[in-house]
Amino acid sequence: MERRDFSAQFGARSHPLVLAVLVCAAYYAAAVVGLALRFPPATTSVLWPPNALLTAMLLFTPTRRWWLVLLAALPAHLVLELRNWSTVVVAGLFATNCSEALVAAGGVRLLSREPFRLGTVRQMAIFIGVAALFAPLVSSFPDAAIVSSFHGERYWDVWNRRVVSNVLSELAVVPTVAGAVSVAAGSLSRWRGRRWMEASVLFAGLVATALLVSRQPAFMPGNPRWPLVVFLPILLWAALRFGPEGVALSLLATAVLTLGAATHGVGPFTEQSADEGVLALQIFLIVVAISLMSASALDNERRRAERALSERLQFEEVLSRMSAAFVGLPCDEMPRAFAFWLERLAGFFGWRDVRLALYDESQQVALAHWSTFHADPHTRLSLRTEFPWAVERVKTEGAIALHVSEDMPAGAEQDREALARHGLASAVFVPLKSGGHMGGLIVIMTPTRRTEWAEPLLGKLRIAADVLANALARMRAEAALRESRDELSHLTRVSAMGELAASLAHELNQPLTGILSNAQAARHILDANERRRRVDLQEIVRDIVEDAKRARDVVGRMRDLLRKGATERAPVDLNELVTVVAKIVTSDSLIRQVSLELDLSPHAPRVEGDRVQLQQVVLNLTLNALEAASISDHHPRTVLVKTEANDRYPIHLFVRDTGPGLIAGSEQQVFEPFYTTKKSGMGMGLAIARSIVEAHGGSIWAATGRDRGAEFHLTLPAIDRTVTQPWTS
Ligand code: ADP
């Protein structure tokens, strides 16, 4: 991303003077190399890099500055060429050189419509077709005309020589400059030690081969001798490991070394006429360059496709883990799981300086958030009021990005102010939609400017949002379900209280009668003997206080049981809970003439849960048992409530009665909602008991008692169990 921006702006960002000096110096150096590679008396060089250099410079400079590039090359051209040729020839040749660069760069720009790169087969084909072949071909007609008319050389000889040398130069120089630009953009900083070592060995191999070919041409026996093939492995290596830019640089080095040797009468071409030998060498290099660069572009494209595929697979893996993590996750653990997965997503995309927040439908307070920077923890975005435009737009657009520095669309002024107020440079809004309904939003905020908030990233975010949206929808549905279950559970408690009303009256009667008779006695004492008054009154008042406390406790326990509210989890001592239930049903057992026995193990560990709900379960089992025992003729009528801890069940409670027992085969059925055998029964008590026990991670079952009656068993997980974090999967 960075690199592409830099390449596109290379000639746009630098100061005009710097650009001019750079072009002039590079043109001069390239022309010196070109002039050195000539066979006098021929005017045309065997390798002429300046035109290709101009092409490259134009490709990396915006068109509005092209005039500057061409003008900057002129002084270098004049200084070098005026020494050898007349002004007319020099001016004419400069014009044809410029025309080649203009046709090459203009053609490539026109056809590829994107910053110049050689990464894909299409871009490579455009470069080879337009810049490397077509431009040298057409610009050589006027060039050859000038040279042949002023120097008397044969037109087609000049044309041939110029086409070949310029094709080779374009092929070798333009990708080399592209490589240099990418180096300037920092691509080398990604190279590690091994890569540097490999590049050095490659270069050393190239120089050694060039020396071997030029100094020991006869080392290759047979006829025809073709020692150039020894370059092939090295060029192939460059192509596969260093891309088209690597091929071009190696070719440039090969061309300069071998052509330099050939023009100075050294090398394998001494057997043929020098002219013919050089042409053979040029053609060899051109053919090799075109084949290897195309192969390298193809390889690049394949690698990129592979990388994209592997990235996609990795993303899909994250997605599938994420969706698996939410399956069956209790809804009160979801907010933590959301925060965990927001962090995983940020890690997957490699984001720094971001804050991710997941809002539910209310869009007021984030349900979960995660941040890499120190955001003010008190900063809360109220989406609906602060980002009204974005919240509305996101419903129809899928995902949108807002940048504080860009022109905001009309209507988004408030959103922009909010961004600035929170010190944010940009924010991305992704809707959490499930079943066509927007149930929430993910907001990604960053205080630093980001350019990559675009497709395909937004697309990926949308997919991730779908998974989170489903989890959010399930969480909401479960919360609603829990609410209605709580409601129902409250109702059954109220109905149980109806049943207990008689026992309540009975239980309150005692302390109230005590209070009354004590108060009457006090009045008598006050009327009678002065001396006894003080001592007796103290006793009476103490009794009144005790009775009043008992009455208050009775009322308190009933109120506790009737309390309506959200589930609260806290450590619960089951023995204590059974004792409270026993107190509540004391009068009931007296009225029904059933004795209630408790057998509480001192080793039973505590459970984590909602005290009132668990109390409701035990109360329900005990009331059912008392009722069953009371209608049986069997004597003695007893109900036993026992707690114990054993290896199999860390916490085990059971209620056994001496009643008629369950109807045969109804052990499962009794837990079904609305199953009842009683005239005025609701059939909801055991159904609710089961759902409460299961929500606590325990289980409940019914059995027929050992000799008679029914048994209800209940196990719960102990509090000190190892807690796992299922959402991390
Ligand atoms: P309800 O008490 O309103 O009928 P429950 O869900 O508490 O609702 O009980 C469902 C049914 O299970 C009862 O109607 C009864 O048939 C059976 N049952 C529950 N407890 C006992 C018990 N201790 N002995 C025999 N049957 C029982």
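Residues numbered from 1 in each chain as written. Predicted model: local features only at pLDDT ≥ 70, side-chain atom pairs only at ≥ 80, totals over all residues. Heavy atoms only, no water.

## Side note on the packing of aromatic side chains
Consideration 1: Scanning all chains against the criterion turns up 16 aromatic pairs.
Consideration 2: Taken together, a centroid distance of 5.6 Å and an interplanar angle of 40 degrees make the contact between Phe 315 and Phe 348 tilted. A residue pair is termed long-range when its members are at least 10 positions apart, and Phe 315 in helix 10 (residues 274–326) and Phe 348 in helix 11 (residues 334–349) qualify at 33 residues.
Consideration 3: Using a relative accessible area of 23% as the deciding quantity, one classes Phe 348 as partly exposed.
Consideration 4: Here Phe 315 and Phe 349 contribute two aromatic rings whose centre-to-centre distance is 6.0 Å and whose plane-to-plane angle is 40 degrees, an arrangement assigned as tilted. Remark: Phe 349 occurs in helix 11 and Phe 315 occurs in helix 10; sequence separation between them is 34 residues.
Consideration 5: Counting every residue linked through ring pairs, the aromatic cluster contains Phe 141, Tyr 155, Trp 156 and Trp 159.
Consideration 6: Over the face of the ring belonging to Phe 242 we find Arg 195, whose NZ or CZ atom lies 4.4 Å from the ring centre. (Phe/Tyr/Trp six-rings, centres within 6.5 Å; stacked < 30°, edge-to-face > 60°. Helix = DSSP H or I, 4+ residues; strand = E, 2+ residues; numbered from the N terminus. Buried < 20%, exposed > 50% of the residue type's maximum accessible area, 1.4 Å probe, protein only. Lys NZ or Arg CZ within 6 Å of the ring centre and 35° of its normal.)

## Let's talk about unusual backbone geometry
Consideration 1: In this chain, His 635 is followed by Pro 636 through a cis amide linkage whose omega measures -10 degrees.
Consideration 2: Inspection of the secondary structure puts Pro 636 in the loop between helix 18 (611–630) and strand 9 (638–644).
Consideration 3: For Asp 353, which is not glycine, the phi torsion reads 55 degrees and is therefore positive.
Consideration 4: Within the secondary structure, Asp 353 sits in the loop between helix 11 and strand 1 (355–360).
Consideration 5: Residue class for Asp 353 comes out partly exposed when judged on its relative accessible area of 30%.
Consideration 6: Unusually for a residue other than glycine, Phe 674 sits at a positive phi of about 65 degrees.
Consideration 7: Tracing the backbone through its elements, the reader meets Phe 674 in the loop between strand 10 (652–657) and helix 19 (685–695).

## A word on the pattern of salt bridges
Consideration 1: In the structure shown here, the tally under the stated rule is 22 salt bridges.
Consideration 2: Across the pair Arg 302 and Glu 306 runs a salt bridge whose closest N-O atoms are separated by 2.9 Å. Linking Arg 302 with Glu 306, this pair stays in helix 10, spanning four residues, or about one helical turn.
Consideration 3: Close ionic contact of Glu 317 with Arg 321 constitutes a salt bridge, the shortest N to O distance being 3.4 Å. In this pair, Glu 317 and Arg 321 are both assigned in helix 10, four residues apart and thus about one turn of the helix distant. (Salt bridge = Lys/Arg side-chain N within 4 Å of Asp/Glu carboxyl O.)

## Notes on the sheet that holds strand 1
Consideration 1: The strand order across the open sheet formed by five strands is 2-1-5-4-3, and the pairing between neighbours is antiparallel. Only two strands of the sheet have a single neighbouring strand rather than two, namely strand 2 (366–371) and strand 3 (400–403). Looking at each pair of strands side by side, their axes are set apart by 15 degrees on average, direction ignored.
Consideration 2: Bridge analysis of strand 1 against strand 5 (residues 437–446) gives six bridges, and the strand direction is antiparallel. The partner of Leu 356 across the bridge, within strand 5, is Ile 444.
Consideration 3: Packing against the sheet, helix 11 makes contact with strand 1, strand 2 and strand 5, and its axis sits at approximately 35 degrees to strand 2. (Pairing = 2+ DSSP bridges. Axes fitted to C-alpha atoms, helices over the stretch in contact; angles between N-to-C directions. Contact = heavy atoms within 4.5 Å.)

## Section: the site of the ligand
Consideration 1: Near the ligand you find 20 residues, and of these Asp 657, Thr 676, Thr 677, Lys 678 and Leu 686 are the closest.
Consideration 2: Within the side chain of Asn 624, an N or O atom sits 2.9 Å from an oxygen atom of the ligand.
Consideration 3: Backbone polar atom of Met 682 to an oxygen atom of the ligand: 2.9 Å apart, as the coordinates give it.
Consideration 4: Look at the ligand: alone it shows 530 Å² of surface, and the protein chains cover 91% of it.
Consideration 5: At four residues, the largest contribution of residues to the shell around the ligand is made by helix 18. (Near = heavy atom within 4 Å. Polar contact = N/O pair within 3.5 Å; in protein donor to acceptor, adjacent residues only side chain to side chain. Areas by Shrake-Rupley, 256 points an atom, 1.4 Å probe, with all protein chains shown as cover.)

So yeah, pure geometry; function would need other evidence.
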